[in-house]
Each structure stands twice: as C-alpha cells, then as structure tokens.
Amino acid sequence: MIHFISKRLKHSLVLLFMASVVCFTLVVSAPGNVAVLIAELRGAIGVPGAVEQISEEIGLNKPLLVRYVDWLGDAVRGDFGISYRTGQEVSADLPKRMFVTGTLVAGSAVIATLLSLVLGFLGALWPYKLPDRASRGLALLGASTPTFFVGALMIYGFSVTFQLFPSFGFNGPESWILPWLTVAVLPAAVLSRVVRVGLEEAMASPYVLTAKSKGLGRIAILFKEALPNITPVFINALGTQVGLMTATGIIVEPLFAWQGIGDYFLAGVRFRDFMVVQACLLIFLTFFIVVNLIVDLAVLMTDPRIRRQWS
C-alpha cells in the first residue's frame, strides 16, 4: 500500500510540473505584446520608451526559460504576480474567490451524490417498473439539458415565479441553493446511471444468491451486499464529475453573479490579463490532479482487491 501511495504521489508531482509548463506556454504564446497592453492600460502608449521600460519591468526581455523558472518559483510561494488590469496582487484576490468556488463545488457534489443514490436505488429496487423508468427518464433529461439553460430555468422558476430564493449574489446559504442545483443536475444524472447499472450487475452475482438464501430482503441486500461492491466504481465516477463541476463553474458563477475563480478567469481572458489567466489555469489543473489523487487513495481504501495487489 505504501508503494502505491508513493507511486501516485510521484505521478501527481510530475503532472503538476507538466501543468505548470502548459499554463506558462499557453499564456506566453498568446498573440500580442503584453507590454503594449499594459502601456495602454496606463495611458502611456504614446510616451517614447514606455513599452521598452515596461518590458524591462515585467521581465519580457529575459530568456523564456528564465521567465518560466522565475514564475514557477513565485507561484510555489503563492505569488502570482500583479494583475495588469487592476494593478493589485493576484494572490490577494484568490483566497476569497477560491472559497466561493469551493462552496459551489462542495455543495453541488453533495447534492449530486444524494440525488444519484436516490435515483439509482429507486431503479434497482423496482427494476423495469415505473420508478425505474422514471429515474431513467430524469437521468436522460438531466444529462441532455445544457447547464446554462438549467440555471435560467432555476432563476425563472424559483426566483422570478415563486420568489423562494435570490437569483444572484453570494449572501449566505439561501443564495447557494440555486447555483448548487444548477451544477448538480448533470453530474447527478450521470452518477445515477452508474449506481443503477452497478447495482443491477451486483444483484446478479453469486453472493447475492447466498444472501437471498439466508432470507435477506431486496433492500437489505442492496445496502449490505451490492452497495459496498459498487463503491469504488462510484468514487471513480464522482471524482470525474467533481472535476467537471469546477469547469462548469466558469458558466454558473457569472450567471448567478458569484465572484469565484471561474468569474475571475473569464475576466482575465476578456481583458487579456495574463497573470490572472496563468494563476486560474494553474489552480484548475492543480485541483484536477489533487482530486484524482484523492480518488485513487479512496478507491484503494474501499477496494480490497487493489489493497491485496499492492500489499
């Protein structure tokens, strides 16, 4: 087990290094001159020598490898440079925005997990009957509906028509419900099918026949026998969906006026604020890698076959 953990940690470090290279390369290869952009923002575009001075200030005259090493060293220390648009340190804006995005992803993941388990169990409890058909239909509808359309329906239905929840702002749990539901719909639909199919396969296993011979009912077998066997598969699927939820935040955060990492990233792209774009990209990729590492460790702890393989 220790060998497996150390191997996954090494792989994660390699992936983090590759992610930093990708972030830096994508930004520095963008068309245009950053020094000219900063001069325009400062109103010094017509001043002689202003562009050259700015290039010297931000290190554009240095070799590309030196620039990468300097940027990576600062990023490891939590220094992501100065925003070209606001003139403030990027790292000063990140903690609050990361909390907003973390709240969105965490709440959505909990709701998606609960909804998927309920829908999957209803289908497995009454296979090929009305509850199963209804859960399949809801899953198909949820997986086929674009997230921005789901958000618009949530706002129109629960904010405009019934006035149950606020339609924008990050102002406490009441304002979190609609964004959570908007992000959770698609993952819940996908995960519900994972649960339903996994339980159906598990119910055809020999150990289920043994449990039936002992007099256990279908509900008890689903919870005690089938669910533990599909847990590793469900965790894998959940990890993938959590990563997708983070990307979905780029759409949902502006829709509900949440100032998270997704909104910050869009603002950086819109104003060509490359330092912000680099920081957001690195945070996104780091989050994906960390989630995958946690998922691998969770699967290791829940799947005895993998534990025996690496013992």
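Note that the structure is predicted; figures quoted are calculated from it, not measured.

*Asks:* What is the right way to read the nonpolar core from this model?
*Replies:* A general trend in soluble globular proteins is that nonpolar side chains are found buried together. Grouped together as the largest cluster of nonpolar side chains are 29 residues, with contacts concentrated most on W71, F80, V90, L94 and C280. For this core, the secondary-structure elements that each account for two or more residues are α1 (2-28), α2 (34-42), α3 (50-57), α4 (64-76), α5 (90-125), α11 (261-270) and α12 (274-302). Counting residues per element, this core draws most heavily on α12, at 10 residues. Excluding its chain neighbours within four sequence positions, the residues that come into contact with V90 are F80, G81, I82, S83, Y264, M275, V276 and A279.

*Asks:* Hey, could you run me through the packing of aromatic side chains in this one?
*Replies:* Note on aromatic pairs: each is described by the distance of the centres and the angle between the planes. Applying the stated criterion to the full structure yields 12 aromatic pairs. Considering the side-chain rings of F158 and F165, the 6.3 Å spacing of their centres and the 55° angle between planes classify their relative orientation as tilted. On the basis of an interplanar angle of 25° and a centroid distance of 5.3 Å, the ring pair of F170 and W176 is categorised as stacked. With a relative accessible area of 24%, F170 lands in the partly exposed category. Of the aromatic side chains, those joined through ring pairs into one cluster are F99, F170, W176, W180 and W258. When the ring centre of Y128 is taken as reference, the NZ or CZ atom of R196 above it lies at 5.7 Å.

*Asks:* Help me understand the pattern of salt bridges, please; the structure alone is not making it clear to me.
*Replies:* When the charged atoms of two side chains lie near each other, side chains of opposite charge can form a pair. Applying the stated rule across the entire model yields seven salt bridges. For K62, the salt bridge is made with D70, and the minimal N-O distance between the two is 3.4 Å. A salt bridge links R196 to E200, with the nearest nitrogen and oxygen atoms 3.3 Å apart. A residue pair is termed a helical-turn pair when its members lie 3 or 4 positions apart in one helix, as R196 and E200 do in helix α8 (residues 173-203) at four residues. By relative accessible area, which is 1% here, R196 ends up buried. E200 gets classed as partly exposed once you look at its relative accessible area, which sits at 31%. A single network of salt bridges, built from pairs that share partners, joins D132, R136, R196 and E200.

Rules behind the numbers
Residues numbered from 1 in each chain as written. Predicted model: local features only at pLDDT ≥ 70, side-chain atom pairs only at ≥ 80, totals over all residues. Heavy atoms only, no water. Core = buried A, V, L, I, M, F, W, Y, C linked by side-chain atoms within 4.5 Å. Buried < 20%, exposed > 50% of the residue type's maximum accessible area, 1.4 Å probe, protein only. Helix = DSSP H or I, 4+ residues; strand = E, 2+ residues; numbered from the N terminus. Contact = heavy atoms within 4.5 Å. Phe/Tyr/Trp six-rings, centres within 6.5 Å; stacked < 30°, edge-to-face > 60°. Lys NZ or Arg CZ within 6 Å of the ring centre and 35° of its normal. Salt bridge = Lys/Arg side-chain N within 4 Å of Asp/Glu carboxyl O.

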